[in-house]
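Chain and residue survey
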There are 2 protein chains.
Amino acid sequence: MPERVSQATRERIAVAVTATGYTLNQAARSLRRQRAGTIVMAMPNAGNPYYSTILDAVLAEAGHRGYGVLVSNRVQGDPTIWLRDYFLSSRADGLLLFDITLDVSGMRRFMEERGNLPIVVVCDEIIEPGFNLVTSDNREATGRAVQHLVDLGHQHIGLVAGPTIHDYPNERTLGFRQALARHGLAMREDWIIAGDHSIGSGYQAGSQFVALDERPSAVVCANDEMALGFISSVQQAGLHCPRDVSVVGFDDIDMAQYVSPALTTMRQKRAELATISTSALIDIVEGVRDPAKPVRIILRCDLIARASTAPPKGAAVRPAREFRF
Amino acid sequence: MPERVSQATRERIAVAVTATGYTLNQAARSLRRQRAGTIVMAMPNAGNPYYSTILDAVLAEAGHRGYGVLVSNRVQGDPTIWLRDYFLSSRADGLLLFDITLDVSGMRRFMEERGNLPIVVVCDEIIEPGFNLVTSDNREATGRAVQHLVDLGHQHIGLVAGPTIHDYPNERTLGFRQALARHGLAMREDWIIAGDHSIGSGYQAGSQFVALDERPSAVVCANDEMALGFISSVQQAGLHCPRDVSVVGFDDIDMAQYVSPALTTMRQKRAELATISTSALIDIVEGVRDPAKPVRIILRCDLIARASTAPPKGAAVRPAREFRF
DNA sequence: ATGAAAGCGCTAACAT
DNA sequence: ATGTTAGCGCTTTCAT
């Protein structure tokens, strides 16, 4: 209540502040209030440009609410170790966990021990109950990506899949399989190529694709970076996109519209995802939100149709076996 | 000196630690030691994927040395405000200042007041004495980019320049101008197109290029993102790269080798820049380094020749004026 | 409406 | 080799 301070006192303070250049000591404040005023943003690899937009939005929202953002890459291995380190040390008040292939059972055990921790899982495809979650409709969106290809006339559709470290099914892969079944299309395991979301793995997937005896006429890639690598690879092998193969990506990274052919993709609202999750996390930290009701926000993706998809020129082709590759 | 603790005591401690799940309270430690154990990485816009690799390397090096990394976007305006906030509040011990178009005189004033602050300027093109600096040989490297085009036979070379917020000359633009002079090439001001390092601005520069009455046969772009946008733009306008225009980028972002045509570019050793600067900053923070001798490390860039540059098909062409654009 | 005092959890200095 | 103590700068509570 600023009204409770008299005008005169406020004057005196203001003068003293500017005169001495006083600034609050955050360490002392944190110690006394048992609150760091900081959240951690943890991701598998900060080197992925996918996170640029997200980081930007997290920074903005956290800053807006007076929180600092500590960024961390080290979220492999036993979660109890780093969870302990972040929370018990009062280094941070909350954790934004991005796309982590986490040891869910380990997390659960730790959280049962220590009571509910302010953690929000973001952009993850693993929809486990009990965790606060802000993500996209990955499964359904991948279904719509397939739908888009089917609408164009494709009957033979492959997948460049993302990493599948754990047993539980990857949502995008699941969505792909279900969509194929729904459309009564053949599901060929050799048309599902494994990747790890990096451009390089997309490029490799392209080589595998080119070497296939029979090739699908379209491919869904689990993210844009792999799609870009894939297209680059098949183009270098002498194939043309979309004439020889249509490609759909996922995410709509900034680059997607500036490559050629411009990439058809399912747009994830990354900035929104970041803002919502950050805001929710801080609500939890500040006790505004009822901890009994986990956050559970799933945003819809939008199909952005660009030039990398087109009707197929025919059925799956038996390739002439002499690629310069 | 771990030897000074008896085996028995060490046992007792270890047992107690695991039993109680004790973790050091960082806030208390920071308060007592007057040191945060944290550095700030400040950049103009975290949304730029250029920083992904850098962030990754900074995180690795800082973590290695036991420091947390606070990321910040808010470095516009009066530097005294945010400098005060970071340092006087003991929120952070040091500052990594990336590519900031900063108010140098304001910085100077503040640093004179407060004594030498642990700040390392990184990746900046502004080479001001007195600051700790880790950067690339921007001017010289841009000269080599021009050299590469000249070697291919180009006589008419344009520039898509980066942002020039301040009065002092941009190093890359300067390198370009000097190189042109050195080779005795004409310097046409309408062949210098302004950009802001974003893909979008490169795309716009492409439109301007296409609309030119007389066009250069090659263009140097001040960064890769603009180069990608530029190529995308001119290709959509019906021109071919490198047949109609050769393009050199700057940075060698991950994407550069996977676009088509693969981008010729001057590679900045971004990870190295990040590791070196982080390490130097922590040295300064810890008093290992003599503050009287500012750090001054300038790395050489490497020309990565790819498919976006080729010999010109002829002299600067007078375009037929009917682009579908 | 303002002042005084206790204490958050650590570390460094000093005492044993 | 181990134990004790003061105090970092803030916030909160209690007293004026």
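To keep things clear, this report deals only with the structure shown in the data block. All figures in this text were calculated on a predicted structure; none of them were measured in a lab. (Residues numbered from 1 in each chain as written. Chains lettered and ligands numbered in written order. Predicted model: local features only at pLDDT ≥ 70, side-chain atom pairs only at ≥ 80, totals over all residues. Heavy atoms only, no water.)

For chain A, the helix and strand inventory stands at ten helices and twelve strands. For chain A, with 325 residues in total, the buried portion stands at 54%. As displayed, chain A has an accessible area near 14000 Å², and 52% of this comes from carbon and sulfur atoms. (Helix = DSSP H or I, 4+ residues; strand = E, 2+ residues; numbered from the N terminus. Buried < 20%, exposed > 50% of the residue type's maximum accessible area, 1.4 Å probe, protein only. Areas by Shrake-Rupley, 256 points an atom, 1.4 Å probe, with all protein chains shown as cover.)

Each of the two chain copies can be generated from the other by rotation about an axis followed by a shift along it. Here chain A sits on chain B after a turn of 180° about the axis and a move of 0.0 Å along it, with an RMSD of 0.0 Å. Here the transformation between the copies is reduced to the relation of a two-fold axis. With an isologous cut-off of 70% or more, the 100% of interface residues of chain A that recur at the interface of chain B puts this contact in the isologous class. (Least-squares fit on C-alpha atoms with pLDDT ≥ 70 in both. Contact = heavy atoms within 4.5 Å.)

All names here are of chain A. Pairing in this open sheet of six strands is mixed, and the strands run β7-β6-β8-β9-β10-β12 from one edge to the other. The strands lining the two open edges of the sheet, one partner per strand, are β7 (192-194) and β12 (302-304). Each neighbouring strand pair of the sheet contributes to a mean axis angle of 20°, computed without reference to strand direction. As judged from the four bridges shared by strand β9 (residues 246-251) and strand β10 (residues 264-267), these two strands associate in the parallel manner. From the neighbouring strand, Asp 251 faces β10, where its bridge partner is Arg 267. (Pairing = 2+ DSSP bridges. Axes fitted to C-alpha atoms, helices over the stretch in contact; angles between N-to-C directions.)

Turning to empty space enclosed by the protein, a few remarks are in order. The tally for this structure, following the rule as stated, stands at eight cavities of 30 Å³ or more. In terms of lining residues, the largest cavity is bounded by 16 residues, among which Thr38(A), Arg91(A), Ser30(B), Thr38(B) and Arg91(B) are the most central. Considering only residue class, the lining of the largest cavity consists of six nonpolar, eight polar and two charged. (1 Å grid on protein atoms, 1.4 Å probe; cavity = no way out; pocket = protein on both sides within 12 Å on 5 of 7 lines; lining within 4 Å. Points joined across faces, edges and corners; volume = space filled by probe spheres on them. Nonpolar A, V, L, I, M, F, W, Y, C, P; charged D, E, K, R; others polar.)

Residue and element names in this part refer to chain B. In space, the six strands of this open sheet follow the order β7-β6-β8-β9-β10-β12, with mixed pairing throughout. Of all the strands in the sheet, the pair left with one neighbour each is β7 (192-194) and β12 (302-304). In this sheet, neighbouring strand axes are inclined to one another by 20° on average, regardless of whether the strands run parallel or antiparallel.

The next subject is the pairing of strand β2 (residues 68-72) of chain B. Residue and element names in this part refer to chain B. The buried fraction of β2 is high, at five of five residues. Judged by which residues are buried, β2 turns out to be covered on both faces: Gly 68, Leu 70 and Ser 72 on one side and Val 69 and Val 71 on the other are all buried. Pairing analysis gives five bridges linking strand β1 (residues 38-42) to β2, with the strands arranged parallel. Each residue of the ladder has a partner; that of Ala 42, found in β2, is Ser 72. As a crossover connection, the stretch from β1 through helix α3 (residues 50-64) into β2 is right-handed. (Right-handed = clockwise from strand over helix to strand, strands pointing away.)

Let's shift gears to the pattern of salt bridges. With the rule as written, the count across this model stands at 30 salt bridges over all chains. Salt-bridge contacts for Asp283(A) lead to Arg289(A); the nearest nitrogen and oxygen are separated by 3.7 Å. We classify Asp283(A) as buried; its relative accessible area is 15%. The class for Arg289(A) is partly exposed, based on a relative accessible area of 30%. In this structure, Asp283(B) engages Arg65(B) in a salt bridge whose closest nitrogen and oxygen atoms are separated by 3.0 Å. Here Asp283(B), found in helix α10 (residues 270-285), pairs with Arg65(B), found in the loop between α3 and β2; they are 218 residues apart in sequence, far enough to count as distant. (Salt bridge = Lys/Arg side-chain N within 4 Å of Asp/Glu carboxyl O.)

Bringing the environment of Gly229(B) into the picture now. For Gly229(B), the location among the structural elements is in helix α9 (residues 224-236). Note on Gly229(B): relative accessible area 0%, which makes it buried. Linking Gly229(B) and Arg29(B), residues 200 residues apart in sequence, is a C-alpha distance of 49 Å. Beyond its immediate sequence surroundings of up to four residues, Gly229(B) is in contact with Tyr258(A), Ile199(B), Gly202(B) and Tyr203(B).

This paragraph deals with the packing of helix α2 (residues 26-33) of chain A against helix α2 (residues 26-33) of chain B. Viewed as axis vectors pointing N to C, α2(A) and α2(B) meet at an angle of 140°, and their least axial separation amounts to 8 Å. One element, α2(A), and the other, α2(B), form an angle in the oblique class. Relative to α2(B), α2(A) is oriented so that their crossing is left-handed. When α2(A) is examined against α2(B), the residues Ala27(A), Ala28(A), Ser30(A) and Leu31(A) are found in contact with a partner set consisting of Ala27(B), Ala28(B), Ser30(B) and Leu31(B). When its residues are assigned to classes, the contact of α2(A) with α2(B) shows six nonpolar, two polar and no charged. (Parallel < 35°, antiparallel > 145°, perpendicular 65-115°, else oblique. Left-handed = near helix turned anticlockwise from the far one by under 90°.)

Here we take up the interface of chain A and chain B. Taken together, the 49 residues of chain A in the interface contact 49 residues of chain B. Buried area between chain A and chain B, both sides added, is near 3800 Å², and the carbon and sulfur share of it is 60%. Joining chain A to chain B, the criterion identifies zero salt bridges. Taken together, chain A and chain B are joined by eleven residue pairs in polar contact (both at pLDDT 80 or more). (Buried area = accessible area lost by both parts, 1.4 Å probe. Polar contact = N/O pair within 3.5 Å; in protein donor to acceptor, adjacent residues only side chain to side chain.)

Another aspect to go through is helix α6 (residues 138-152) of chain A. Residues and elements named next belong to chain A. In a regular helix each residue adds 1.5 Å, so 15 residues correspond to 21 Å; α6 covers 21 Å between its end C-alpha atoms and thus fits that length. Buried residues of α6: Asn 138, Ala 141, Thr 142, Gly 143, Arg 144, Ala 145, Val 146, His 148 and Leu 149, and no others. Directly after α6, the chain includes Gly 153, whose backbone phi takes a positive value near 110°. (Expected span 1.5 Å × (residues − 1).)

Another aspect to go through is the packing of aromatic side chains. Per the stated rule, a full pass over the model turns up eight aromatic pairs over all chains. Ring centres of Tyr50(B) and Tyr51(B) lie 5.1 Å apart, and the angle between their planes is 80°; this geometry places the pair in the edge-to-face category. Judged by relative accessible area, which is 4%, Tyr51(B) ranks as buried. Plain terms: the ring middles of Phe209(B) and Phe230(B) are 5.2 Å apart, the flat faces sit at 65° to each other, and that makes the pair edge-to-face. With Phe209(B) in helix α8 (residues 199-211) and Phe230(B) in helix α9, this pair connects stretches of sequence that are 21 residues apart. Overall, the relative accessible area of 1% leaves Phe209(B) in the buried class. The buried category is assigned to Phe230(B), whose relative accessible area is 0%. Grouping aromatic residues by their ring pairs yields a cluster made of Tyr50(A), Tyr51(A) and Phe98(A). It is Arg172(A) that lies over the ring of Phe250(A); its NZ or CZ is 3.9 Å from the centre. (Phe/Tyr/Trp six-rings, centres within 6.5 Å; stacked < 30°, edge-to-face > 60°. Lys NZ or Arg CZ within 6 Å of the ring centre and 35° of its normal.)

This brings us to the environment of Val104(B). Turning to its location among the elements, Val104(B) is positioned in helix α5 (residues 104-114). Residue Val104(B) is classed as buried on the basis of its relative accessible area, which comes to 9%.

With that settled, consider the packing of helix α6 (residues 138-152) of chain B against helix α7 (residues 171-182) of chain B. Working note: a packed helix pair is described by the angle between its axes plus the distance between those axes. Residues and elements named next belong to chain B. As a packed pair, α6 and α7 sit with axes 7 Å apart at the nearest point and diverge in direction by 45°. It follows that α6 is oblique to α7 by the angle criterion. For the pair α6 and α7, the crossing hand works out as right-handed. Residues Asn 138, Arg 139, Thr 142, Gly 143 and Val 146 of α6 pack against Glu 171, Arg 172, Leu 174, Gly 175, Phe 176, Gln 178, Ala 179, Leu 180 and Arg 182 of α7. A per-class count over the contact of α6 with α7 returns five nonpolar, five polar and four charged.

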